[in-house]
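# Working through the structure, step by step
Next come the chains, spelled out residue by residue.
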Number of protein chains: 2
Amino acid sequence: MTTTGITTPRGFRATATTAGIKASGKPDMALVINEGPEFGAAAVFTRNRVVASPVKVSREAVADGMLKAVVFNSGNANACNGPQGDRDAREEAELVGRALGIDAADVAVCSTGLIGDLLPMDKIRAGIEQLAAHAETGGLDGGPAAAEAIMTTDTVSKQAVAERDGWSVGAMGKGVGMMAPSLATMLVCVTTDASASSQALADSLKKASKVTFDTLDIDGSTSTNDTVIVLASGASGITPSQEELDAAVLEVCESIAAQMQADAEGVTKRVTITVEGTTSDEQALNAARTLGRDNLFKCAMFGSDPNWGRVLAAVGMAEADMDPERISVYFNSQAVCVDSTGAQGAREVDLSGPDVDVRVDLGTGGPGTATVRTTDLSHAYVEINSAYST
Amino acid sequence: MTTTGITTPRGFRATATTAGIKASGKPDMALVINEGPEFGAAAVFTRNRVVASPVKVSREAVADGMLKAVVFNSGNANACNGPQGDRDAREEAELVGRALGIDAADVAVCSTGLIGDLLPMDKIRAGIEQLAAHAETGGLDGGPAAAEAIMTTDTVSKQAVAERDGWSVGAMGKGVGMMAPSLATMLVCVTTDASASSQALADSLKKASKVTFDTLDIDGSTSTNDTVIVLASGASGITPSQEELDAAVLEVCESIAAQMQADAEGVTKRVTITVEGTTSDEQALNAARTLGRDNLFKCAMFGSDPNWGRVLAAVGMAEADMDPERISVYFNSQAVCVDSTGAQGAREVDLSGPDVDVRVDLGTGGPGTATVRTTDLSHAYVEINSAYST
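Bear in mind the structure is a predicted one, so any value in this text is a computation, not a measurement. (Residues numbered from 1 in each chain as written. Chains lettered and ligands numbered in written order. Predicted model: local features only at pLDDT ≥ 70, side-chain atom pairs only at ≥ 80, totals over all residues. Heavy atoms only, no water.)

### So, the overall build of chain A
Counting secondary structure elements, chain A contains 10 helices and 15 strands. Rg of the C-alpha trace for chain A: 22 Å, near the compact-globule value of 21 Å for 390 residues, within the 12% margin. Referenced to the eigenvectors of the C-alpha coordinate spread, the extents of chain A come out at roughly 70 × 50 × 35 Å. For chain A, the proportion of its 390 residues judged to be buried stands at 61%. In chain A, the proportion of contacts linking residues at least 24 apart, taken out of those at least 6 apart, comes to 80%. Accessible area for chain A stands at about 13100 Å²; split by element, carbon and sulfur atoms hold 49% of it. Charge separation in chain A, taken as the distance between the mean sites of 30 positive and 51 negative side-chain charges, equals 3 Å. (Helix = DSSP H or I, 4+ residues; strand = E, 2+ residues; numbered from the N terminus. Rg over C-alpha atoms; globule rule 2.2 N^0.38 Å. Buried < 20%, exposed > 50% of the residue type's maximum accessible area, 1.4 Å probe, protein only. Contact = heavy atoms within 4.5 Å. Areas by Shrake-Rupley, 256 points an atom, 1.4 Å probe, with all protein chains shown as cover. Lys, Arg positive; Asp, Glu negative; His and termini not counted. Charge placed at Lys NZ, Arg CZ, Asp CG, Glu CD.)

See below:
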């Protein structure tokens, strides 16, 4: 079997096409079809209050715990386009439904690209026709093609599979945070041939997202379009336990998140931040996020500079219990700051490698702990994100 | 009169010296002396819970509403140096007190520079002797020299004066946020020869800071050393009303804040963000800060890119009441987004000038409004802040 992603689990068909939405002429539309016999689905969406039209349509579609298809486009986010944007997203679901002979209410829609330009609906309509035609004639192993068609400034497509005894979970994803030059958004589609209720899927997805996508924080920006959808076909005839499902979904989400972090725009360092020694996991997450979003800290990482003072200055502003006189910081397991004071040799720690592990103990002795994955702030990030949007 | 800052008001003496703390060999210590007849004082300090040793000493010194002198050094923040840092800061106050024949409890201490290195106390001790000797023999017009000695990566010194009928307010300041390459911190000293109680001074400073220094947000980072001190000598014999004092203090604080914004590291654009149409001023400030800290927005500003979609994506995450379908955005007074949808010609707005004015209406019709001053995110920012700390 050559497929390695969403079409690895049985019961899924995927196709891709070049509709001409991207100026680059690269593939820009994809269709994922769940052929059943079951159609359980769950999703998590952006926490941004400014949500793109496709997010509104997909939220409604998944509300009953059932989806039969997801249509994707890259090159245009269909966000901030007013009522016309909503109508366009709805029309996409209707066209897919008509082409596949299914209810439009069972079709989710995902878009990624520039905010504020209307979808080129002539190209979208033709694209949906092509996707449906491909699905008729083949498309059983279209997972890799779909993963490619949803890319924006990703440099590699992102797929993952968790193989189990008689069933599997597959996934594809693109982007990370809002990193790209006006292109944006994290889109992830997870498939499984396990038999699983929408509630079981929602539980697994929620748990997995919490420790993967939710803690991946490249620039603190949250897209209007972020969407993670999980679909279950039941085609394996196997009903895993909740724990088994959780573990398999977590496995593919971890893989996709790690691929996103590695491919994040302008990245020269992958930085993993773990905070402990505070009252709750939530507080630890606040502190880890605050540090992961601190530009001075991120610039220091870019410069391979073990400037631990910036770590203290950053976490000192976090909403987390701490003992300001008892904070310790470790870079790549070496203590650089103990009891809020520099450790011997702290300025000589070698951070020249591509991975930096940062551990911060806030000194209260509390049990709270959390890990966030981020990146450095590089010239390439500024370059890519200052490019003109048109 | 050639002085234009803290020595413009009568009753103040200032001196500066080169103690050798800075590797560059530039002036790095300053002393401001209030010769009375009154010694009212007030101060605001960093909100960071990790506070530098000089902040602890100054907080205690100003607690009784009286200060007679402030000693400054640049080149070393004396932050995160544990009990030895506290002892060193306290010794500074004692040495100044002894040299001037005043109580150490009436001496505030301000430091700015790298976090985590012990102060070179031999140089500090010699520096204080020099400062005090200069003050004996002259120093009446030492304001400009003091303003220069507190600079870190500031490219120009920052002074301001508000002249009134028979009295005046002067000020000097350095830095902005935590912008510099491991050097850091906003330090501001305001002087007046008005007769004013410490309570009146505290009121004026609090009001002025709220709309000047508190809303100046270059990178979201908050220094461990930020300090703004106001001193009143009463030498004019004039007691202005609270409103008069407020206005004069605000005038110099506005000037210093504007000078800081203009000189912020790596800046190519000065960006003023005003948010309105939400429930409270506090919510408007939350939204303005969230936008002002959004790297994608700041990169777009660097690229002179009227990418208003990033404005919506950023404010959509802010803790502020909004109508997500009714948000409007103006760049340099031109509407680029109305009712959360792109306006005609939005992509053609010219942002090539050095000043960009951004106005965001969150669409609730509420009375809340706030303004934040920030800058773009440029290659120079990354360059400066990724330089090795040693």
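### Quick notes on the relation of the copies chain B and chain A
Rotating chain B by 180° about the axis while translating it 0.0 Å along that axis superimposes it on chain A, leaving an RMSD of 0.1 Å. On the angle and the small slide along the axis, the relation comes out as a two-fold axis. Closest to the rotation axis within chain B is the C-alpha of His379(B), separated from it by 2.9 Å. Of all interface residues in chain B, 100% are interface residues in chain A too; the two copies therefore contact each other through one and the same surface. (Least-squares fit on C-alpha atoms with pLDDT ≥ 70 in both.)

### As for the UniProt feature "active site" (unreviewed entry) in chain A
UniProt tags Thr185(A) as "active site" (unreviewed entry). Positionally, Thr185(A) belongs in the loop between strand S7 (168–174) and strand S8 (187–192). (UniProt positions renumbered as here; feature names shortened; annotations may be inferred.)

### Considering the sheet that holds strand S14 (residues 355–361) of chain A
Residue and element names in this part refer to chain A. Taken together, 6 strands build an open sheet; the order of strands is S13-S12-S11-S14-S10-S15 and the sheet is mixed. Looking at which strands have only one partner, the edges of the open sheet turn out to be strand S13 (341–342) and strand S15 (368–375). Here strand S11 (residues 328–331) pairs with S14 via 4 bridges, running antiparallel. What sits directly across from Ser328, in S14, is Asp361. Across the sheet, helix H6 (residues 242–263) lies against strand S10 (270–278) and S15, angled at about 45° from S15, the strand it touches most. (Pairing = 2+ DSSP bridges. Axes fitted to C-alpha atoms, helices over the stretch in contact; angles between N-to-C directions.)

### Re unusual backbone geometry
Residue and element names in this part refer to chain A. At the junction of Gly36 and Pro37, the peptide bond is cis and its omega measures out at 15° in the coordinates. Here Pro37 is to be found in the loop between strand S2 (29–34) and strand S3 (40–45). The phi dihedral of Ser304 is positive, around 55°, even though this residue is not glycine. Its location among the elements puts Ser304 in the loop between helix H8 (295–302) and helix H9 (308–315). Judged by relative accessible area, Ser304 falls into the buried class, the value being 18%.

### Examining the pattern of salt bridges
Side chains bearing opposite charge may pair, as long as their charged atoms lie close to each other. Per the stated rule, a full pass over the model turns up 26 salt bridges over all chains. Residue Arg347(B) is joined to Asp117(A) by a salt bridge in which the shortest nitrogen-to-oxygen separation is 3.2 Å. With Arg347(B) in the loop between strand S13 (341–342) and strand S14 (355–361) and Asp117(A) in the loop between strand S5 (107–114) and helix H3 (121–137), the pair connects residues from two separate chains. Residue classification places Arg347(B) among the buried residues on the basis of a relative accessible area of 9%. The shortest N-O distance in the salt bridge between Glu276(A) and Arg359(A) comes to 2.6 Å. Within this pair, whereas Glu276(A) is found in strand S10, its partner Arg359(A) is found in strand S14, the two being separated by 83 residues in sequence. Residue classification places Arg359(A) among the partly exposed positions, given a relative accessible area of 29%. (Salt bridge = Lys/Arg side-chain N within 4 Å of Asp/Glu carboxyl O.)

### Looking at the packing of aromatic side chains
Residue and element names in this part refer to chain B. Overall, the coordinates contain 0 aromatic pairs over all chains when judged by the stated rule. A cation over an aromatic ring shows up here: Lys68 above the ring of Phe39, its NZ or CZ 4.8 Å from the ring centre. Lying over the aromatic face of Tyr330, Arg359 brings its terminal NZ or CZ to 4.2 Å of the ring centre. (Phe/Tyr/Trp six-rings, centres within 6.5 Å; stacked < 30°, edge-to-face > 60°. Lys NZ or Arg CZ within 6 Å of the ring centre and 35° of its normal.)

### Here's the deal with the sheet that holds strand S10 (residues 270–278) of chain B
Residues and elements named next belong to chain B. Taken together, the 6 strands give an open sheet; going across it, the order is S13-S12-S11-S14-S10-S15, and neighbouring strands pair in mixed fashion. Of all strands in the sheet, those with a lone pairing partner are S13 and strand S15 (368–375), marking the two edges. The sheet contact formed by strand S11 (residues 328–331) and strand S12 (residues 334–338) spans 3 bridges and is antiparallel. Across the sheet, Phe331 pairs through a bridge with Gln334, a residue of S12.

### Brief notes about the domain arrangement of chain A
Examined at the domain level, chain A breaks down into domain 1 (12–263) and domain 2 (270–388). The C-alpha-based centres of domain 1 of chain A and domain 2 of chain A are spaced at 33 Å. (Domains from an automatic or database assignment.)

### Observations regarding H6(A)
Over its 22 residues, H6(A) runs 31 Å from end to end, which matches the ideal 32 Å to within 8%, given 1.5 Å per residue. For H6(A), the secondary structure elements touched by its buried residues are strand S6 (158–163), S7, S8, helix H5 (198–211), S10 and S15 of chain A. (Expected span 1.5 Å × (residues − 1).)

### A word on the interface of chain B and chain A
When the parts of a complex come together, some accessible area is lost, and that lost area is often taken as the interface size. Listed by partner, the interface residues are 64 residues for chain B and 64 residues for chain A. Between chain B and chain A, the buried area comes to about 4800 Å², and carbon and sulfur atoms account for 54% of it. Taken as a group, Arg49(B), Leu296(B) and Arg347(B) account for 15% of the area that chain B buries against chain A, more than any other trio of residues on that side. Inspection of the region where chain B meets chain A yields 4 salt bridges. The interface formed by chain B and chain A holds 18 residue pairs in polar contact (both at pLDDT 80 or more) in total. (Buried area = accessible area lost by both parts, 1.4 Å probe. Polar contact = N/O pair within 3.5 Å; in protein donor to acceptor, adjacent residues only side chain to side chain.)

### Some details on the environment of Glu129(B)
Residues and elements named next belong to chain B. Considering the arrangement of structural elements, one finds Glu129 in helix H3 (residues 121–137). With a relative accessible area of 61%, Glu129 lands in the exposed category. Distance from Glu129 to Thr17, taken between C-alpha atoms, is 9.9 Å for residues 112 residues apart in sequence.

### With respect to the pairing of S15(A)
Residue and element names in this part refer to chain A. When you tally the buried positions in S15, you get 6 out of 8 residues, the bulk of the element. One ladder, built from 8 bridges, connects S10 with S15; its direction is antiparallel. When the sheet's bridge partners are listed, Glu276 is paired in S15 with Thr369.

### Topic: the nonpolar core
In terms of nonpolar packing, the biggest core is built from 64 residues, with Phe331(A) and Phe72(B) touching the most fellow members. Broken down by element, the residue count for this core peaks at 6 residues, all from H9(A). Beyond its immediate chain neighbours, meaning those up to four positions away, Phe331(A) contacts Met301(A), Pro306(A), Asn307(A), Trp308(A), Val311(A), Val336(A), Val349(A), Leu351(A), Asp357(A) and Val358(A). Counting residues in each nonpolar core, the second largest holds 38 residues, with Val275(B), Ala313(B), Ile327(B) and Ala370(B) among its members. (Core = buried A, V, L, I, M, F, W, Y, C linked by side-chain atoms within 4.5 Å.)

### Focus: the packing of helix H10 (residues 379–386) of chain A against helix H8 (residues 295–302) of chain B
Each packed pair of helices is defined by two parameters, the angle between the axes and the distance between the axes. Look at H10(A) against H8(B): their axes get within 8 Å of each other, and the N-to-C directions meet at 70°. In terms of axis orientation, H10(A) runs roughly perpendicular to H8(B). Along the contact surface, H10(A) presents Tyr381(A), Val382(A), Asn385(A) and Ser386(A), while H8(B) presents Asn295(B), Leu296(B), Cys299(B), Ala300(B) and Phe302(B). Across the contact of H10(A) with H8(B), the residue classes break down as 6 nonpolar, 3 polar and no charged. (Parallel < 35°, antiparallel > 145°, perpendicular 65-115°, else oblique. Nonpolar A, V, L, I, M, F, W, Y, C, P; charged D, E, K, R; others polar.)

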